[in-house]
Every structure is written in C-alpha cells, then in structure tokens.
Amino acid sequence: MQAISSRRLPFVLGIAVVVWALFMARPYTGLRHDGILYMGQVLQALAPTVLAGDLFFAHGSQDRYSIFSGLMAPLAQHFSWAGIQFFWLLVAQIASYCAIYALLKPSLDSGLRLWLGLLFAAGLSHGYEGRQVFSFSEDFLTARTLAEPLVLWALVALLRKRMMAAVLLVAAAALCHPLMSLPALVVGALYLMEHDRRWSCLLAFPALLPILALGGIAPFELMLKTYDSEWWRWIAEVNEVLVQRWAWVDWQFLAFEAAVLWIGARHLPSSLSRLCRSTLLAASLLLLLSAVGADILQNQLLTQLQLWRVLWLVRILVLACLPTLLLGLWFESDSSKRATARALVTLLLATLLVVEIRAEEGWVLMVVSAAGLFAWHKGLTLRLVLAYWVGLGSVLCIVMVCAGMFWNSFLPWPMGYLYQPDLPLWFDFLRLPAVLLSLPLLIWWGWQRGGWQRISSAAFFACMVLVCLPHWDRRSEWTRLLETGALQRTHPFQAWIAPGQSVYWHEQLAPTWLLLGRPSYYEKAQGAGLLFNEGTARAFGPRWDAWQPVRKHVQSCWMGAALSRSDSTLCLTPPLVLVQQLCSTQAELRYMVFDQALHSARGRMPALAVWNPQLPSFPDQRFYLYDCQQLV
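Only a predicted model underlies this, so the values are computations on that prediction, with no experimental measurement involved.

### Examining the overall build of the protein chain
At step 1: Across its full length, the protein chain holds 28 helices and six strands.
At step 2: Scaling as 2.2 N^0.38, a compact globule of 632 residues should have a C-alpha radius of gyration of about 26 Å, and the protein chain matches this with 26 Å.
At step 3: Dimensions of the protein chain, computed from C-alpha atoms along their principal axes, come out at roughly 80 × 60 × 45 Å.
At step 4: Counting the 632 residues in the protein chain, one finds 53% classified as buried.
At step 5: Sequence separation of at least 24 residues holds for 73% of the intrachain contacts in the protein chain that already meet a minimum separation of 6.
At step 6: Accessible surface computed for the protein chain: about 28,000 Å², of which carbon and sulfur atoms make up 66%.
At step 7: With 46 positive and 37 negative side-chain charges, the protein chain shows a spacing of 9 Å between the two charge centroids.

Here it is in structure tokens:
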C-alpha cells in the first residue's frame, strides 16, 4: 500500500479529470422528473391561488416538510428558473464532491486511491434505490439537491470529531429534506457508539417514539396507524417506496454493495473502516425495518419515512472506497501472489459492470468473485496460467458488456420533440464505463512519466475537453421552452380555459403548470404525495384507476417502439375511443391537450385550438386542445 500512497497527483489535474468524467457521464438534461414537482411548489408559493385546485396541492403536499420553496420563491421573482436550477445544481455538485474529497483525504492522502475514488463516484451509476428511480447528485433541482452535500459535510465533521458542526449541518439538511438526513443520523449514532459506549444513550431516542405517538404529536402519531386496503393498493401501484417491488437483479446489486462495505470495514484505514461498518449496519437495520414496518405491517409512519433511502449513503461510500480495495490487490507486494491478485481485480471489475447494468447473470460472477476472495483470504493462489485465463475472461466480459452498450448507439429510436437527437457515436464510445475510467488513468500515467509523455497527455486531455464540452447540455428544445416560459404564463390556450379550470395534458405535467398556469386534472406524478395524505389518495386514486386502459395502451406502444426502434412520439396520443371513455366517465374533466390530432372513422376531430411552439428542429410539431363536451 505504500507504493500506492507515493503516487501523488497534482490537485488541479485530478480535479480537471474528475470534472470531465462527471460531465461525460451525466450530460445536463434540465427540468424533468421530480424537478417539475419542486418547481410547481415554488410556483404555488408565489401564487397560491393559481394551482390551488390541483391534485398535488389541494390536500397539502410534502412542501410543508421542507424550506425549499421558501428559499427558491424569492429568487424566482428576479431570475429565470433555468438560471436558478443551473446555479444550485452547480453549487451542490461542487459541495458534494468536495465533501467526498474531504471524507477520503485524511485516510488516503492525495494519492491515486483518492482520485480514483472521486472518479468512480463521478463516472459510475448514481442510482441507489432498488428500481433505480432515485439517484444521488441528480441533474435536476429538488430539495434533495440541497440536503445531500449538507449530509456529506456532516459526515466529514463527524469523522473529524467536530460534533457541533456535524449536528448543525445535519439539522440544516433536515430542514431541506428530512428523509435524506435521517439515515445520516442513524449512521452517525452507530459510528459514535462503536467508538465510545457512552454514546449508547442515543438509543433512548427511539424509545421516546411510542410516547410521542401516544401523545398525538405529529408526525409520530402515525406510528399507531396503518393504511386501509384501498389506500395501500394505490401506494403499491403508484409510488416507488416499497422494497417488495424490487426485482432479483436489484437485490444482487445490493448484495455486491454490502460485500464491498464488509471488505472495506476489514481492510480500509481506521476512520473509513468504522464508517463502512456503521453504514453497513445502518443499511441492514433500516432495510429490515422498512420491509417489516412498511411492506408487511403497512405502518403509516414507517412507510412515509422511506428508510431504504440510507442506500444513497451506501452507494457513495461504495464508489468512493472500492478503488482503494482494488488497488490494494493490484499492487500486491508478494510477487508470487501478484498474478492471482490482479486476476481478482479484473474479475471484480467485470462483476461490478455486469451488476451495474442489472444483468440477471450477475449472480454467477458474484459467486465466482466471492469464492475467489474467500480463497485469497485463506492464502490460496492460482497457478500463473490459470490466473491469466481468469484475467483474460474477465477482460472479455467487460469488453462484451461495453460492446453491447455501444451497439445500442447504432440503433435509432426517434423520440420526437421530447428529446435531443442522439449523441455522436464517438461521444457514446467515450461514455462507456470501461473507456470513461480508463482514459483518466492513461492521462495520469502519462503525466507521471514526465517529458514528452506529460505534454502529450495534457494536450490529449485538452482536446477531449474542447470536443466534448459542447455536448454536455442535452436539454431538448421543448425543455428549454418549458424553463423559459415557466414564470410568464402567457399561452394561446388560456383564452379557452378559465383560471382554475383543470386541464389534462396527455402524459405531461410540466406544460399544464408552467405554460398554461392551470391545475392538471391527472398525471402520475401528482400521486407522489398520496402516501403522506389521505385526501390526496382519495382524490387521486379513482383517477388512477380510470386511466388504467390509457396506461396499458401507452406501455404496450412504448414497448413496441423500443423493440422496433420506431417513433415513440406516436405513443403520446391514445385512441379516440379511450379518450371518449374518459370524457364520459370523468364529470369534472373538460379540456384535454394532445400532441397529435384525434381521428375518428370520419376523419380528424375538430379541436378548439391548435398551437405551434415553433421548435427549430420540429417546425411542424403542434398541440391540439379539445373540449370533452364535443368529443362525446
């Protein structure tokens, strides 16, 4: 390990390469996903009456648990949302990676281990929840964006024994997003109790919860309540909060991460090893509590706490610490064991890549890797020829996975106005995990060699930055339109739709809120808060059930488009018969918007109004406003 520590890298070069990898792995896509919900909360804070009748706001939203809207609303009065989002994402990304750097540096110094930890954290998948719906350091602005760097810096303060700073930082994170900070409290408590048994007094706090629940103190009184069957069915179908919905490939992914933390707890430097142990124990306890309390007992409080969110800390720690463990094997000092150690490294990298892409065959490599690590722990080594074959097979596995990922780049899948055109093939090639992680190593190696190799490495890196940077902003023209028109609320459809009148914009929530300034009648994202509020569940649930035929049509259409690589925008307009069924059964539904005209056997159905957003790449794209009373 001493040889590794001596491989120091210039700070500026390390930062530059990590930032480049981050830009390559995560192009900027702008407003999407939960970012739309949080932006809607800001609009609601600015003009409470405009969206008051929307399902997401009518019965109270999660906004009451966060200061996010209170912080962003004053800014939104003076700046564009595109600028606000970009600024806070930039600040949060810088703060998060600086925190990871500060977390690793005391134990790993400034050597290759530290920079590879940052590189893995930047270049590999950030998904942490079983179904990969949520990620850390997301590329859209939410309250999680603000809470995550605060939590990471709280852990840094904890490891440096600055308790007051850690408490203040985690409290600030809780004000932004309590669910993201709660796992850090558990990890921190376990970390302290392992070091000093006197901290076991912290166990008194969970014992207070039943007392608070019996006292009727919100939200702890929910510990005494369970969901009824109908409400629970909607939660299970709409929300991504139950571990019972995770597939086998999700659990093998978690098993790999647990193995990395377990090995890290045994072989990393003291502070990091303690953090790995605390995080592994916290994740095991919270996942078990979530599975029993939420999935089995259907307890309201334990379901709403979403205790599985501890996995975001697990993911960061695994990515940051895995390179140190791999390098420890790669630079094995005993020459007789070196070939076996390096074969194990390539095998573990192949396992990581296969598990990352959620391949069902990942368990095979996991079993082989586990057997190899166990044999290594017992002092067994492979014959030189066998070690070479294991290494070669692992490399071929990595190449095959990357080749399969790259092959998808050759298959066109038109997405219409919703997405930017496909990235250049060379850009997709550079984004392959094996390439994305190998190029920085090549640059660092050339820099260490000095002379003309250092100059060549610097020139090559500068060329890559200049060529790749223009492709980082991948916002579609439609997304840019939504971001710029979000606070203006001037749209031709508004002449037909009275203020406060709900509108159904098919498969989209953002344009209803941001362009029309009207409540949305139905969109799946509006059900994000139904597990927190019974009123939202009772209002949203029947509409969720009513839209089931439309969802089935869209899902089957999208699946067919994905398999045939045909134009998926055709899936954004359901058949007229389904639209008429909705109009006849939903008494409060009046206006509907589709991005294609509705047709009957007699021809095109008349629309109230047609709008062309003048998208440069899609000049013929139009949206059609229909009145349900004219369709039935």
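### Examining the pairing of strand β6 (residues 623-627)
At step 1: The element β6 is extensively covered by neighbouring structure, given that five of its five residues are classed as buried.
At step 2: Because side chains alternate across β6, one face comprises the buried residues Phe623, Leu625 and Asp627, and the other comprises Tyr624 and Tyr626, equally buried.
At step 3: Pairing geometry for strand β2 (residues 591-594) and β6, over four bridges, is antiparallel. Bridging across to β6, Val593 finds its partner in Leu625.

### Section: the state of the cysteines
At step 1: Counted according to the given criterion, the structure contains one disulfide.
At step 2: A sulfur-sulfur separation of 2.1 Å characterises the disulfide bridge that pairs Cys583 with Cys628. A torsion of -65 degrees about the S-S bond marks the disulfide between Cys583 and Cys628 as left-handed. Here Cys583 is found in helix α27 (residues 576-585), whereas its partner Cys628 is found in helix α28 (residues 628-631), with 45 residues between them in sequence. Both residues of the pair, Cys583 and Cys628, count as buried.

### Here's the deal with the side chain of Ser457
At step 1: With respect to the secondary-structure elements, Ser457 resides in helix α22 (residues 451-468).
At step 2: Those residues in contact with Ser457 that sit more than four places away from it in its chain are Leu442, Ile443, Gly446 and Trp447.

### Digging into the packing of aromatic side chains
At step 1: The final tally for this structure, using the stated rule, is 34 aromatic pairs.
At step 2: Ring geometry for Tyr504 against Tyr522: centres 6.5 Å apart, planes inclined by 40 degrees, an arrangement best described as tilted. One end of the pair, Tyr504, is in strand β1 (residues 503-505); the other, Tyr522, is in the loop between α24 (510-516) and α25 (534-546), with 18 residues separating them in the sequence.
At step 3: Exposure remark for Tyr522: the relative accessible area of 5% places this residue in the buried category.
At step 4: Ring-pair connections join several aromatic residues into one group, and the members of that group are Tyr504, Tyr521, Tyr522, Phe540, Trp544, Trp547, Phe594 and Tyr626.

### Description of the packing of helix α17 (residues 335-356) against helix α18 (residues 362-377)
In a pair of packed helices, the angle between the axes and the distance between the axes together describe the arrangement.
At step 1: One can describe the packing of α17 onto α18 by two numbers: an axis separation of 9 Å at closest approach and a directional angle of 155 degrees. Put simply, α17 runs roughly antiparallel to α18. Crossing of α17 over α18 shows left-handed handedness. Contacts between α17 and α18 involve Lys337, Thr340, Ala341, Leu344, Leu347, Leu348, Ala350, Thr351, Val354 and Val355 from the first element and Gly362, Leu365, Met366, Val368, Ser369, Gly372, Leu373 and Trp376 from the second.
At step 2: Along the lines of polarity and charge, the residues of the contact of α17 with α18 split into 12 nonpolar, five polar and one charged.

### A look at the environment of Val310
At step 1: On the secondary structure map, Val310 appears in the loop between α15 (300-305) and α16 (311-330).
At step 2: In this structure Val310 comes out as buried when scored by relative accessible area, which is 0%.
At step 3: Separated by 139 residues in the primary sequence, Val310 and Ala171 place their C-alpha atoms 17 Å from one another.
At step 4: Beyond its immediate sequence surroundings of up to four residues, Val310 is in contact with Pro183, Val187, Ala282, Ala283 and Leu286.

### Overview of the pattern of salt bridges
At step 1: If you walk through the whole model with that rule in mind, you get 18 salt bridges.
At step 2: As a salt-bridge pair, Asp196 and Arg198 come within 2.7 Å of each other at their nearest N and O atoms.
At step 3: When its relative accessible area of 69% is taken as the criterion, Arg198 is described as exposed.
At step 4: Linking Glu240 and Arg245 is a salt bridge whose minimum nitrogen-to-oxygen distance equals 4.0 Å.

### Re the pairing of β2
At step 1: Burial along β2 is two-sided: Tyr591 and Val593 facing one way and Met592 and Phe594 facing the other are all buried.
At step 2: The pairing of β1 with β2 spans three bridges and is parallel. Each bridged residue has a counterpart across the sheet, and for Val503 the counterpart in β2 is Tyr591.

### Things to note about α22
At step 1: For α22, with 18 residues, the first-to-last C-alpha span of 26 Å sits near the 26 Å given by 1.5 Å per residue.
At step 2: Those residues of α22 that are buried are in contact with α2 (11-25), α20 (425-430) and α21 (433-449).

### Regarding the sheet that holds β6
At step 1: The strand order across the open sheet formed by four strands is β1-β2-β6-β5, and the pairing between neighbours is mixed. At either margin of the open sheet sits one strand with a lone partner, and together these are β1 and β5 (609-611). With strand direction ignored, the average angle separating the axes of adjacent strands in the sheet is 20 degrees.

### With respect to helix α6 (residues 81-108)
Note that an α-helix has 3.6 residues per turn; residues three or four places apart therefore point the same way.
At step 1: With 28 residues, α6 should cover 40 Å at 1.5 Å per step; its first-to-last C-alpha distance of 40 Å lies within 8% of that length.
At step 2: Where α6 terminates, the next one or two residues include Asp109, which has phi positive at roughly 60 degrees.

### Observations concerning the packing of α6 against helix α8 (residues 143-159)
At step 1: For the pair α6 and α8, interaxial distance at closest approach is 9 Å and the crossing angle is 20 degrees. Our classification of the angle between α6 and α8 gives roughly parallel. The chirality of how α6 crosses α8 is left-handed. Counted together, Trp88, Leu89, Ala92, Ala95, Ser96, Cys98, Ala99, Ile100, Ala102 and Leu103 of α6 and Thr145, Leu146, Pro149, Leu152, Trp153, Leu155, Val156 and Leu159 of α8 form the full contact between these two elements.
At step 2: Looking at the contact of α6 with α8 residue by residue, the class counts come to 16 nonpolar, two polar and no charged.

### What to know about a nonpolar patch on the surface
At step 1: A cluster of nonpolar side chains, Trp248, Trp251, Trp363, Val364, Val367 and Val368, forms an exposed patch at the surface whose accessible area comes to about 600 Å².
At step 2: Looking at the nonpolar patch, the elements that each hand over two or more residues are α13 (248-267) and α18.
At step 3: Among the elements that make up the nonpolar patch, the one with the highest residue count is α18 (four residues).
At step 4: Structurally, Trp248 can be placed in helix α13.
At step 5: We classify Trp248 as exposed; its relative accessible area is 52%.

### Let's talk about the environment of Leu214
At step 1: Positionally, Leu214 belongs in helix α11 (residues 204-214).
At step 2: Along the chain, Leu214 and Pro433 lie 219 residues apart, while their C-alpha atoms are 52 Å from each other.

### Observations concerning the side chain of His126
At step 1: Of note, His126 is situated in the loop between α7 (112-123) and α8.
At step 2: In terms of polar contacts, His126 uses its side chain to reach the backbone carbonyl oxygen of Ala121, at 2.6 Å.
At step 3: Apart from residues no more than four positions distant in its own chain, His126 is found in contact with Arg26, Tyr97, Ala121, Phe134, Ser135, Phe136, Ser137 and Arg315.

Thresholds applied
- Residues numbered from 1 in each chain as written.
- Predicted model: local features only at pLDDT ≥ 70, side-chain atom pairs only at ≥ 80, totals over all residues.
- Heavy atoms only, no water.
- Helix = DSSP H or I, 4+ residues; strand = E, 2+ residues; numbered from the N terminus.
- Rg over C-alpha atoms; globule rule 2.2 N^0.38 Å.
- Buried < 20%, exposed > 50% of the residue type's maximum accessible area, 1.4 Å probe, protein only.
- Contact = heavy atoms within 4.5 Å.
- Areas by Shrake-Rupley, 256 points an atom, 1.4 Å probe, with all protein chains shown as cover.
- Lys, Arg positive; Asp, Glu negative; His and termini not counted.
- Charge placed at Lys NZ, Arg CZ, Asp CG, Glu CD.
- Pairing = 2+ DSSP bridges.
- Disulfide = S-S within 2.5 Å.
- Phe/Tyr/Trp six-rings, centres within 6.5 Å; stacked < 30°, edge-to-face > 60°.
- Axes fitted to C-alpha atoms, helices over the stretch in contact; angles between N-to-C directions.
- Parallel < 35°, antiparallel > 145°, perpendicular 65-115°, else oblique.
- Left-handed = near helix turned anticlockwise from the far one by under 90°.
- Nonpolar A, V, L, I, M, F, W, Y, C, P; charged D, E, K, R; others polar.
- Salt bridge = Lys/Arg side-chain N within 4 Å of Asp/Glu carboxyl O.
- Expected span 1.5 Å × (residues − 1).
- Patch = residues over 30% accessible without salt bridge, like charges linked within 9 Å, V, L, I, M, F, W, Y side chains within 5 Å.
- Polar contact = N/O pair within 3.5 Å; in protein donor to acceptor, adjacent residues only side chain to side chain.

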